[in-house]
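Survey of secondary and tertiary structure
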Amino acid sequence: MSPERLNPPELSPATGFSHAVSATGSRIVFLAGQTALDGAGKVVGDSLPEQFERALANLLTALAAAGGHPSDLARVTVYAVDVEAYRAHAAELGRIWRRLAGRDYPAMAVVGVVRLWDTEARLELDGIAVLP
């Protein structure tokens, strides 16, 4: 894949995301929503950062199973039950992202939701990747 991350100077500074990602490749991978479920199907982690780390790790595990790498992510959507809590933890979530996925940020959005499938889940991540 040859991703081009586009952040026009006319838009607000992109911190922890890219405004647009143009990607060429031969395979598109659609990644299902991932929460902080462990292998037994139980939500793990009491805090939002703990759940974010597990959900992101799960998303990256699914991507790796398709032969992809974090830099192949073109789009990620975060569905958060509490957007204010997400904003309050943004710096820590950014550190978790960089540790697990690096600094090649996809186009991203955070969407506030009333609840998720698993009521204990505080957030869910899904994504689209373009592989070479």
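Everything in this summary refers to the structure shown in the same document. This one's a predicted model, so the numbers in the text were calculated from it and none came from an experiment. (Residues numbered from 1 in each chain as written. Predicted model: local features only at pLDDT ≥ 70, side-chain atom pairs only at ≥ 80, totals over all residues. Heavy atoms only, no water.)

**Focus on the sheet that holds strand 5 (residues 107-112)**
Put simply, the rule reads: A strand pair is defined by DSSP finding two or more bridges across the two strands. Every helix listed is a DSSP run of H or I at least four residues long, and every strand listed is a run of E at least two residues long, numbered separately from the N terminus. Orientation is described by axes fitted as lines to C-alpha atoms, over the contacting stretch for helices, and by angles from 0 to 180 degrees between their N-to-C directions. Any two residues whose heavy atoms approach within 4.5 Å at even a single point are treated as in contact.
Taken in spatial order, the 4 strands line up as 3-6-4-5 in an open sheet, and their pairing is mixed. Pairing within the sheet leaves two strands with one partner each, and these edge strands are strand 3 (27-34) and strand 5. Ignoring strand direction, the axes of neighbouring strands in this sheet form an average angle of 10°. Contacts from helix 1 (residues 48-65) reach strand 3, strand 4 (73-80) and strand 6 (123-131) within the one sheet, and its direction differs from that of strand 6 by about 30°.

**Concerning the pattern of salt bridges**
Basically, it comes down to this: For salt bridges, the criterion is a side-chain nitrogen of Lys or Arg within 4 Å of an Asp or Glu carboxyl oxygen. When a residue's accessible area, from a 1.4 Å probe over protein chains only, is under 20% of the maximum for its type it is buried; when over 50% it is exposed; and in between it is partly exposed.
Tallied over the full model, the rule gives 1 salt bridge. Between Glu53 and Arg99 there is a salt bridge, and its shortest N-O distance comes to 3.1 Å. Separated by 46 residues along the polypeptide, Glu53 in helix 1 and Arg99 in helix 3 (residues 90-101) bring together distant segments of the chain. For Glu53, a relative accessible area of 27% gives the class partly exposed. Of the residues examined, Arg99 reaches a relative accessible area of 52% and is grouped as exposed.

**Side note on the nonpolar core**
Quick reminder of the rule: Working definition of a nonpolar core: buried Ala, Val, Leu, Ile, Met, Phe, Trp, Tyr and Cys residues. They are joined through side-chain atoms within 4.5 Å.
With 25 residues, the main nonpolar core has Phe52, Leu73, Val76, Tyr86, Trp97, Leu123 and Leu125 as its most contacted residues. Looking at this core, the elements with two or more residues in it are strand 3, helix 1, strand 4, helix 3 and strand 6. When residues in this core are grouped by element, the largest group, 7 residues, is from helix 1. The contact partners of Leu73, leaving out residues within four places of it in the chain, are Arg5, Leu31, Leu60, Leu63, Trp97, Pro106, Ile128 and Ala129.

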